[in-house]
Amino acid sequence: MEIATMKYPETKNYIAGKFTANGQKTMEVHSPLDGSVLSTVPLSSASDLDAAVKVAKAAFSEWSATPVKERVQVFFRYKALLEKNLKELAELVHLENGKTMSEASAEVEKSIELTEFACSMPQLIGGEILEVSRGVECRIEKKPLGVVASIAPFNFPHMVPHWTLPNAIALGNCMILKPSEVVPISANRIAEMLKEAGLPDGVFNVVNGDREIVEAICDHPGIEAVSFVGSTKVAKIVYQRATSTLKRCVALGGAKNHLLVLPDAHVEMTASNVVASMSGCAGQRCMAAAQMIGVGGVDHIIEKMCEDAGKLVPGENLGPVISEVAKDRIEGYITEAEEAGAKILVDGRNAAVPGKEGGWYVGPTIIDYVTLDMRIAQEEVFGPVISIVRAKDLDEAISIENKNPYGNAAAVFTQSGGLARQVMEKASAGMIGVNIGVPVPREPFSFGGWNDSKFGVCDITGKSSIEFWTQNKKTTTKWSSEARTNWMS
Ligand code: NAD
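Residues numbered from 1 in each chain as written. Predicted model: local features only at pLDDT ≥ 70, side-chain atom pairs only at ≥ 80, totals over all residues. Heavy atoms only, no water.

Caption draft 1: Quick peek at the pattern of salt bridges. If you walk through the whole model with that rule in mind, you get 30 salt bridges. Between arginine 189 and glutamate 88 there is a salt bridge, and its shortest N-O distance comes to 2.7 Å. Of the two residues, arginine 189 is situated in helix H7 (residues 185-196) and glutamate 88 in helix H3 (residues 86-97); the sequence distance between them amounts to 101 residues. The class for arginine 189 is buried, based on a relative accessible area of 19%. For glutamate 88, a relative accessible area of 36% translates into the label partly exposed. Of the charged contacts in the structure, one is a salt bridge between lysine 392 and glutamate 396, with a shortest N-O distance of 3.7 Å. Owing to a relative accessible area of 27%, glutamate 396 belongs among the partly exposed residues under this scheme. (Salt bridge = Lys/Arg side-chain N within 4 Å of Asp/Glu carboxyl O. Helix = DSSP H or I, 4+ residues; strand = E, 2+ residues; numbered from the N terminus. Buried < 20%, exposed > 50% of the residue type's maximum accessible area, 1.4 Å probe, protein only.)

So, in structure tokens, the structure goes:
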């Protein structure tokens, strides 16, 4: 591939503070906006990973011995760099992922919030100490694990790496990031900026690649913990494989988020929230509204949703989906639902954007009278599409939500506190929204689903992630020679 024809130079691995010359096979990176070639990405092998693990292991002794108050100084400087370069970083996300500039800016702003949380680590991990008997003290300190790995999906090239890297590294670990091979360019900028912020070489490394590298991460004996974000199918494989080699693992999977809409819901607010949730980032968010359950008479709200969806214009305020394969898959679900008797109220198939014929656009799609036996009601579509299932009452709606195998988010739209409370109690999902279409917990609250949307015990961000990235050291000390001796001390 001629570098001159690409918008960005070739993406490289980043090991020991240097972008390494690629001896590996490479793959083209395309912009979903118009299909143009942006860069190439190396498809690394297990030996590239091994080199990164060795470097990270060597950096660990010094970095883990650095006091946390010093470690977070890097992230204060890094946060300032993110703020300074926000527009450039957002443009990169826009180009490689396809989301609109305002969505891309919001993504980088979330990375800033995640970094800010990591800066508060000294306030969060103060140990515990207690005199447990006369002259005898017990203390607990949070210690890092060693070399850890983070495997990311395509839909948030900047934010998902920030779900893990600021916390894991501020807590004293050394990290290997494996970005999605579809959107690898942001990770190279992250590496450059961490170096500029003063992070010592070897503490953060990037190894690009596909399945081969993910499997090598799961198998490598030098890696202590693995975080994964991606589809449920791969999350299961990664969780099983990483834990079979006795690693700690948290693996976040796909989603099918249900939104329960009641007739008393505020019409404008509900319609705009539901439509924004189903269509934001072209529906490629694990928190996107995928299935609305209309409880009783909600036609007036659906009418307003259709009106709002009509204001979304592909290529203007609605970005493309990630690939041609994704576009075909999404349109296939719509056609299959139509053939099975569902009613397409707003049809996003065959969207075309003049001047961007090479891009992969799907318009907003609202499908009513979907029944539970249809494939679209059961599987993750991951596009700007919402299916509406009708329920006679709230109990039936909750039971439909409960039966879906995923459990990332669920939301209820109503003006009744009592009915909302029932959904808060009974929905089988890790993140619940009341009159909110995308109920992402903000820092310091942690992010993570239930059921087939997450495997492993901790959440991936916030306070819960501190438990994931550390282990407790318990020390008992005796300083008084007169202290009594018994079997416990
Ligand atoms: P994906 O599962 O295809 O890929 C994720 C990562 O796994 C990538 O780095 C990829 O290289 C690697 N991979 C792909 N196939 C593999 C295999 N067979 N073996 C080992 N590794 C493999 O996911 P994606 O398409 O990049 O991302 C979209 C999915 O991610 C959606 O299902 C979405 O819901 C999910 N997601 C979930 C969350 C969450 O918080 N639960 C957040 C973002 C995205």
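Now that the structure is up, let's keep going.
Caption draft 2: Molecular detail of the pairing of strand E8 (residues 174-178). Counting buried positions along E8 yields five of five residues, so the element is predominantly enclosed. Burial along E8 is two-sided: the face carrying Cys174, Ile176 and Lys178 and the face carrying Met175 and Leu177 are both buried. Alignment of strand E7 (residues 147-151) against E8, held across five bridges, turns out to be parallel. Looking across to E8, one finds that valine 147 is bridged to cysteine 174. On the question of chirality, the crossover connecting E7 to the parallel E8 by way of helix H6 (residues 159-170) is right-handed. When E8 meets strand E9 (residues 204-206), the two strands line up parallel, connected through three bridges. Note that in E9 the partner of methionine 175 across the bridge is phenylalanine 204. Remark: the E8/H7/E9 crossover connection has right-handed handedness. (Pairing = 2+ DSSP bridges. Right-handed = clockwise from strand over helix to strand, strands pointing away.)

Caption draft 3: Structural context of the sheet that holds strand E20 (residues 470-478). Pairing is antiparallel across the open sheet formed by three strands, whose spatial order is E5-E6-E20. With partners counted over all chains shown, the strands left at the sheet margins are strand E5 (128-133) and E20, one partner each. Taken pair by pair, the neighbouring strands of this sheet meet at an average axis angle of 25°, ignoring direction. Pairing analysis gives five bridges linking E5 to strand E6 (residues 136-144), with the strands arranged antiparallel. Bridge pairing in E6 places leucine 130 opposite cysteine 138. (Axes fitted to C-alpha atoms, helices over the stretch in contact; angles between N-to-C directions.)

Caption draft 4: The site of the ligand, seen in detail. Residues in contact with the ligand amount to 27 residues; listed here are only the nearest, Lys178, Glu181, Ser231, Gly253 and Glu380. Here an oxygen atom of the ligand and a backbone polar atom of phenylalanine 154 are 3.0 Å apart. Secondary structure elements with two or more residues in the shell around the ligand: helix H8 (211-219) and strand E10 (225-229). When we break the shell around the ligand down by domain, the ones giving at least three residues each are domain 1 (3-253 + 453-474) and domain 2 (257-434). (Near = heavy atom within 4 Å. Polar contact = N/O pair within 3.5 Å; in protein donor to acceptor, adjacent residues only side chain to side chain. Domains from an automatic or database assignment.)

Caption draft 5: View of helix H2 (residues 68-84). Spanning 17 residues, H2 covers 25 Å between terminal C-alpha atoms, matching the ideal 24 Å at 1.5 Å per step. Listed in full, the buried residues belonging to H2 are Val68, Arg71, Val72, Val74, Phe75, Tyr78, Lys79, Leu81 and Leu82. With its buried residues spanning 160° around the axis, H2 presents them on a single face. More than 90 degrees from the buried face of H2, the exposed residues found are Lys69, Glu70 and Lys84. Check the buried side of H2 and you find it contacts helix H1 (46-65), H3, helix H4 (101-119), helix H5 (121-124), H6 and H7. (Expected span 1.5 Å × (residues − 1). Arc of directions from axis to C-beta. Contact = heavy atoms within 4.5 Å.)

Caption draft 6: Quick look at the domain arrangement of the protein. In terms of domain boundaries, the protein breaks down into domain 1 (3-253 + 453-474) and domain 2 (257-434). With 19 residues of domain 1 at the contact, the number on the domain 2 side is 21 residues. Buried surface at the junction of domain 1 and domain 2, summed over both partners, amounts to about 1500 Å²; 64% is from carbon and sulfur atoms. Contact with domain 2 buries area across many residues of domain 1, yet Pro32, Phe154 and Ser453 alone supply 32% of it, more than any other trio. The tally of links from domain 1 across to domain 2 stands at zero salt bridges. Linking domain 1 to domain 2 there are seven residue pairs in polar contact (both at pLDDT 80 or more). (Buried area = accessible area lost by both parts, 1.4 Å probe.)

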